[in-house]
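# Chain and residue survey
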Number of protein chains: 10
Amino acid sequence: MLFHVRMTVKLPTDMPAEQAARLKADEKELAQRLQREGTWRHLWRIAGLYANVSIFDVADAQALHDTLMQLPLYPYMDIEVMALCRHPSSIHDDDR
Amino acid sequence: MLFHVRMTVKLPTDMPAEQAARLKADEKELAQRLQREGTWRHLWRIAGLYANVSIFDVADAQALHDTLMQLPLYPYMDIEVMALCRHPSSIHDDDR
Amino acid sequence: MLFHVRMTVKLPTDMPAEQAARLKADEKELAQRLQREGTWRHLWRIAGLYANVSIFDVADAQALHDTLMQLPLYPYMDIEVMALCRHPSSIHDDDR
Amino acid sequence: MLFHVRMTVKLPTDMPAEQAARLKADEKELAQRLQREGTWRHLWRIAGLYANVSIFDVADAQALHDTLMQLPLYPYMDIEVMALCRHPSSIHDDDR
Amino acid sequence: MLFHVRMTVKLPTDMPAEQAARLKADEKELAQRLQREGTWRHLWRIAGLYANVSIFDVADAQALHDTLMQLPLYPYMDIEVMALCRHPSSIHDDDR
Amino acid sequence: MLFHVRMTVKLPTDMPAEQAARLKADEKELAQRLQREGTWRHLWRIAGLYANVSIFDVADAQALHDTLMQLPLYPYMDIEVMALCRHPSSIHDDDR
Amino acid sequence: MLFHVRMTVKLPTDMPAEQAARLKADEKELAQRLQREGTWRHLWRIAGLYANVSIFDVADAQALHDTLMQLPLYPYMDIEVMALCRHPSSIHDDDR
Amino acid sequence: MLFHVRMTVKLPTDMPAEQAARLKADEKELAQRLQREGTWRHLWRIAGLYANVSIFDVADAQALHDTLMQLPLYPYMDIEVMALCRHPSSIHDDDR
Amino acid sequence: MLFHVRMTVKLPTDMPAEQAARLKADEKELAQRLQREGTWRHLWRIAGLYANVSIFDVADAQALHDTLMQLPLYPYMDIEVMALCRHPSSIHDDDR
Amino acid sequence: MLFHVRMTVKLPTDMPAEQAARLKADEKELAQRLQREGTWRHLWRIAGLYANVSIFDVADAQALHDTLMQLPLYPYMDIEVMALCRHPSSIHDDDR
């Protein structure tokens, strides 16, 4: 099942640079692992913002929740979730 | 270049059924041609809504505009556009 | 899988009373069938509003979408959808 | 009487982990007691968010208020309340 | 139990004057009967607007809903409802 | 003259308990004095929120302002003000 | 007593030109009479919009309401009202 | 040229009283000088709020900007600006 | 003086094609004349929307208002206006 | 390709004056270099606000993003981005 997630990151401006760098590195490592596993199917930066649009491919809402909760930057994110389904005009059997 | 477009369709409830059917059929035909040509890269229905999330792959903002203006349902849509760019944590050389 | 849906109905004030009555009767019949089948698990009126809060129990987002699209009053509704999942503090094995 | 309550938790990101853990444990204990007593009838997590949708079954608005005020996480919550009533299309004598 | 209701009336500007006058007269008659019965405890005009703030004293949410549904102007109103309860600083045993 | 005031209190979560208790006690004392004097005519808690709806009966806008400015919790409040006037459907000569 | 009123006029685009002209002429005549009488103390156009900012000097909220209700364009206006009072830094004894 | 400015002041609740008093005194002194010079033509308090509505009479947008930037409380203000122009129904040659 | 204006055009979907075409042609002719005269300094389409961002160079707010009021599509536009001034970091003596 | 960017700067009111001055000086230096290079084509102050409207001329969304990320004040900015394209009524071959 596909979910559309918009994540907007708001790091406190007084967070020590080292802590921010470590959080981002951990986030990147997990994001890449989840991409390799097929869970995090698409990941795009929104131009000009510290924010992304992501498409997750998970078993259900619980799996989505558990995945997002693991993200090191989660406590600093605003999250918007929309459940997606196949569009009747799509020509791809598996629009991924 | 990629653009993220959310389209929400609001057909007048008193539009004759035949007119609505013809508009939707024309829209579908064009949407499928644009998908085949690679311009309309992804097309998902937002669950429960008469709305979609789409990813367009076009040369620039002008090409996006010209593409959307052709849509038969355009006069009945609310449109939101965001320019996307590559995310530094993406593992796909060409995240499409 | 559970979805939380808020439906707000906005019938045109100039809709003939007979048409409104027929739409509501059809809506009620379908709503009751879906409740009997277990798809529409909860249905509450929001006090003072022509609106409801509903919990749907469906296979996935596609099934939710197909269910809502059948509703006779759908063209006159504003719809808000949220995917739900089990809460870690719930004491019910199957919080329905 | 039923109330629909949405609770969104916003813990300060600099709260000591121990304090957060204690608050959450106390919250869980009380939430489970209130569920056993029948006051907190339903409790669902909103997928992807640190937020829940709850249905409370209480004598009146005062009882709802007193219940929410006891919650250890209350000072960190955004709360939205809607009074519910029976829906004329519900097939359950006691839609709980 | 007390409910705070804000009603904003939006009559179509092309409604025949006679129809508007009859609706308002019927609304007034019912509003005054409900005041005499004690259900509609307070009724104030918001200065400059075709809107009011009202306090209803009813058995529960169902009674509030049934009362509002009877109002002749209801189809032309935007309604906002808040459940009230006693304030700990109130000096009136029965703040009505 | 009547004013409808909604006050939403937002105490910092790190305010020392003693300071909060003193502020609330002072607020309560003043609120009760103003009620006894007839200035603060109604005071209701909004169910589930740390917020109230109040009706003030004052000479004019200046008197309202001076009254609100004295409140010990004022610096921690979000305030919304609406001027009220008599409703033509009210049956009370002095709807208070 | 002074009130700050913002009026935004939304005439239906299909209103006959003659009807619109007559409404505007009547509105102007009344606005000028109220200015001469001192009730409508200031009247400014918001640049680029069919909207104005006005300062009314009236006995109380009831007088404001009665004045606005007379305006021929009132049924086509969105209205926002704020009660004003003297500012402690004003140097004018009677800031009008 | 006239500008309509709404200023909402949000002093941090932990600002030392002495600093707040000095800022307010400096603000008042400048506000009164600008009123004497005719730049700050009107200044009203919005009833119940720590906010004002002001009318500035300046040469152009640059002059407005330079004036506002000097205000000692500017860093603590939310500012909304609208350019005004003469209203065709105004009876004052110089509606000030 | 420069003003930033965003215009969003909302033609009724049932406007006859001929009327829409004539309005657009008239709008274009005037827009081009105002550009040649230097009043309408910049004009950009917002990608994907029937909306533009424009920079006007006019004597004052009154001149802006009179200019916008002449636009044939004005009755179908939502308009947002912001006054601009020179930016201290601009390197252009006359940033046009 | 052109992008319209609105930047609103929110420096913490407790930032040391020296740090703020250095950030602003660095921002100015980079802004002027980007203007000289033609990337930052227009830069206007919004009157009365610590905010600007800018037009960037860049190769694509990625170039815009990389440019904005370099800005020393970026962590303190709210950013809104819109992609622009040529307007059919523009008379300038290269509306810059």
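If you're wondering where the values come from, they're calculated on a predicted model, not measured in any experiment.

Helix and strand counts for chain A come out as two helices and four strands. Secondary structure elements of chain A, listed N to C terminal, follow the sequence β-α-β-β-α-β. For chain A, the spread of C-alpha atoms along the principal axes amounts to about 50 × 25 × 20 Å. In chain A, buried positions account for 57% of the 96 residues. For chain A, the share of sequence-separated contacts (at least 6 apart) that also reach a separation of at least 24 residues comes to 67%. Counting only carbon and sulfur atoms, one obtains 48% of the accessible surface of chain A, whose full area is about 4200 Å². Seen as two clouds, the 11 positive and the 14 negative side-chain charges of chain A have centres 5 Å apart.

On to the sheet that holds strand E4 (residues 77–86) of chain I. One closed barrel holds the eight strands; their spatial order is E1(I)-E3(I)-E2(I)-E4(J)-E1(J)-E3(J)-E2(J)-E4(I), and the pairing between them is antiparallel. The mean inter-strand angle of the sheet, taken between neighbouring strand axes irrespective of direction, is 35°. Taken together, the seven bridges between strand E1 (residues 2–9) of chain J and strand E4 (residues 77–86) of chain J define a ladder with antiparallel strand orientation. Bridge pairing links Val9 of chain J to Met77 of chain J in E4 of chain J. The strands touched by helix H2 (residues 61–69) of chain B within the sheet are strand E2 (40–46) of chain I together with E4 of chain J, with E4 of chain J carrying the most contacts at an inclination of about 70°. The sheet strands contacting helix H1 (residues 17–36) of chain J are strand E2 (40–46) and E4 of chain J, and the helix crosses E2 of chain J at an angle near 135°.

What follows covers the pairing of strand E3 (residues 51–57) of chain C. All names here are of chain C. Burial within E3 is extensive, with seven of its seven residues counted as buried. Burial along E3 is two-sided: Ala51, Val53, Ile55 and Asp57 and Asn52, Ser54 and Phe56, pointing in opposite directions, are all buried. Pairing of strand E1 (residues 2–9) with E3, which is carried by seven bridges, proceeds in the antiparallel orientation. Residue pairing for E3: Val5 is matched across the bridge by Ser54. In this structure, strand E2 (residues 40–46) lies alongside E3, joined through five bridges in antiparallel fashion.

As a further point, take the sheet that holds strand E1 (residues 2–9) of chain H. Sheet architecture is closed into a barrel: eight strands sit in the order E1(G)-E3(G)-E2(G)-E4(H)-E1(H)-E3(H)-E2(H)-E4(G), paired in antiparallel fashion. The average angle at which neighbouring strand axes cross in this sheet is 35°, direction not considered. Against the sheet, helix H2 (residues 61–69) of chain I contacts strand E2 (40–46) of chain G together with strand E4 (77–86) of chain H, and its axis sits at roughly 70° relative to E4 of chain H.

For the pair chain I and chain J, the superposition axis carries a translation of 0.0 Å, the fit reaches an RMSD of 0.0 Å, and the rotation angle comes to 180°. Interpreted geometrically, this transformation is the action of a two-fold axis. The fraction of interface residues of chain I whose copies in chain J are also interface residues reaches 100%, indicating that both copies meet through the same surface.

With that settled, consider the interface of chain A and chain B. In this complex, chain A contributes 31 residues to the contact, which on the side of chain B involves 31 residues. When the two sides are added together, the surface that chain A and chain B hide from each other amounts to roughly 2800 Å², 61% of it contributed by carbon and sulfur. The three residues of chain A that bury the most area against chain B are Trp44, Arg45 and His87 of chain A, which together make up 23% of that side's buried surface. Our enumeration of links across chain A and chain B arrives at zero salt bridges.

Moving on to the interface of chain I and chain J. Size of an interface, as often reported, equals the accessible area lost when the parts are brought together. Between chain I and chain J, the residue contacts involve 31 residues of the former and 31 residues of the latter. Summing both sides of the interface, chain I and chain J together bury roughly 2800 Å²; the carbon and sulfur share of this comes to 62%. At the surface where chain I touches chain J, the tally comes to zero salt bridges. Our count for the contact surface shared by chain I and chain J stands at 15 residue pairs in polar contact (both at pLDDT 80 or more). Elements represented by at least two residues in the side of chain I that touches chain J include exactly strand E1 (2–9), helix H1 (17–37), E2, strand E3 (51–57) and E4 of chain I. If you tally residues by element for the side of chain I that touches chain J, the top one is E2 of chain I, at six residues. Residues belonging to the side of chain I that touches chain J are distributed by class as follows: 14 nonpolar, nine polar and eight charged. Sheet analysis places E2 of chain I next to E4 of chain J, joined by three bridges and oriented antiparallel. Looking across to E4 of chain J, one finds that Arg45 of chain I is bridged to Cys85 of chain J.

Moving on, we get to a negative patch on the surface. Among the surface-exposed residues, Asp14 of chain A, Asp14 of chain D, Asp14 of chain F, Asp14 of chain H together with Asp14 of chain J lie close enough to one another that they form a single negatively charged patch. When you line up the elements, Asp14 of chain H lands in the loop between E1 and helix H1 (17–37). What makes Asp14 of chain H exposed here is its relative accessible area of 65%.

With no contact between them, chain D and chain J keep their nearest C-alpha atoms 18 Å apart. Over all C-alpha pairs, chain E and chain J never come within contact, reaching a minimum spacing of 30 Å.

What follows deals with the environment of Glu80 of chain A. Relative to the elements of secondary structure, Glu80 of chain A occurs in strand E4 (residues 77–86). In contact with Glu80 of chain A, not counting residues within four places along its chain, are His4, Val5 and Arg6 of chain A.

Turning to the relation of the copies chain A and chain B, a few remarks are in order. With an RMSD of 0.0 Å, the fit of chain A onto chain B corresponds to turning through 180° and sliding 0.0 Å along the axis. Same-surface contact between copies: 100% of interface residues of chain A are shared with the interface of chain B.

Below, the discussion takes up the packing of aromatic side chains. All names here are of chain E. Under the criterion given, the structure shown has 10 aromatic pairs over all chains. Taken together, a centroid distance of 4.7 Å and an interplanar angle of 35° make the contact between Trp40 and Phe56 tilted. One end of the pair, Trp40, is in strand E2 (residues 40–46); the other, Phe56, is in strand E3 (residues 51–57), and 16 residues separate them in sequence.

As a further point, take the pattern of salt bridges. What the rule picks out here adds up to 31 salt bridges over all chains. Between Asp57 of chain C and Arg41 of chain C there is a salt bridge, with the nearest N and O atoms lying 2.2 Å from each other. Taken together, the residues Asp57 of chain C in strand E3 and Arg41 of chain C in strand E2 connect sequence positions 16 residues apart. On the basis of relative accessibility, which here comes to 11%, the residue Arg41 of chain C falls in the buried class. A salt bridge links Lys10 of chain J to Asp78 of chain J, with the shortest nitrogen-to-oxygen separation between them at 3.2 Å. Note that Lys10 of chain J is positioned in the loop between E1 and H1 and Asp78 of chain J in strand E4, a separation of 68 residues in sequence.

Moving on to the confidence of the model for chain A. The share of residues in chain A with pLDDT of 70 or more is 97%, and the mean pLDDT across the chain is 95. No element of chain A has a lower mean pLDDT than strand E2 (residues 40–46) of chain A, which averages 96, and none a higher one than strand E1 (residues 2–9) of chain A, which averages 98.

Turning next to helix H1 (residues 17–37) of chain D. Residues and elements named next belong to chain D. End to end, H1 covers 30 Å across 21 residues, agreeing with the expected 30 Å (1.5 Å per residue, within 8%). Among the residues of H1, Ala20, Leu23, Glu27, Leu30, Ala31, Gln32, Leu34 and Gln35 are the ones counted as buried. If you follow the buried residues of H1, they end up packed against strand E2 (40–46), helix H2 (61–69) and strand E4 (77–86). Just downstream of H1, Gly38 is the residue with a positive phi angle, here 90°.

Within helix H2 (residues 61–69) of chain A, burial applies to Ala61, Leu64, His65, Thr67 and Leu68 of chain A. Here the buried residues of H2 of chain A occupy an arc of 165° about the axis, which is enough to place them on one side. The secondary structure elements touched by the buried residues of H2 of chain A are E1, helix H1 (17–37), strand E3 (51–57) and E4 of chain A, strand E4 (77–86) of chain C together with E2 of chain D. N-capping of H2 of chain A is provided by Asp60 of chain A, with a side-chain oxygen placed 3.2 Å from the backbone N of Gln62 of chain A.

Turning our eyes to something else, we now look at the side chain of His65 of chain G. Mapping His65 of chain G onto the fold places it in helix H2 (residues 61–69). With residues near it in sequence (within four places) discarded, His65 of chain G still touches Arg45, Ile46, Ala47, Gly48 and Leu49 of chain E together with Cys85 of chain F.

Criteria and thresholds
- Residues numbered from 1 in each chain as written.
- Chains lettered and ligands numbered in written order.
- Predicted model: local features only at pLDDT ≥ 70, side-chain atom pairs only at ≥ 80, totals over all residues.
- Heavy atoms only, no water.
- Helix = DSSP H or I, 4+ residues; strand = E, 2+ residues; numbered from the N terminus.
- Buried < 20%, exposed > 50% of the residue type's maximum accessible area, 1.4 Å probe, protein only.
- Contact = heavy atoms within 4.5 Å.
- Areas by Shrake-Rupley, 256 points an atom, 1.4 Å probe, with all protein chains shown as cover.
- Lys, Arg positive; Asp, Glu negative; His and termini not counted.
- Charge placed at Lys NZ, Arg CZ, Asp CG, Glu CD.
- Pairing = 2+ DSSP bridges.
- Axes fitted to C-alpha atoms, helices over the stretch in contact; angles between N-to-C directions.
- Least-squares fit on C-alpha atoms with pLDDT ≥ 70 in both.
- Buried area = accessible area lost by both parts, 1.4 Å probe.
- Salt bridge = Lys/Arg side-chain N within 4 Å of Asp/Glu carboxyl O.
- Polar contact = N/O pair within 3.5 Å; in protein donor to acceptor, adjacent residues only side chain to side chain.
- Nonpolar A, V, L, I, M, F, W, Y, C, P; charged D, E, K, R; others polar.
- Patch = residues over 30% accessible without salt bridge, like charges linked within 9 Å, V, L, I, M, F, W, Y side chains within 5 Å.
- Phe/Tyr/Trp six-rings, centres within 6.5 Å; stacked < 30°, edge-to-face > 60°.
- pLDDT = per-residue confidence, 0-100.
- Expected span 1.5 Å × (residues − 1).
- Arc of directions from axis to C-beta.

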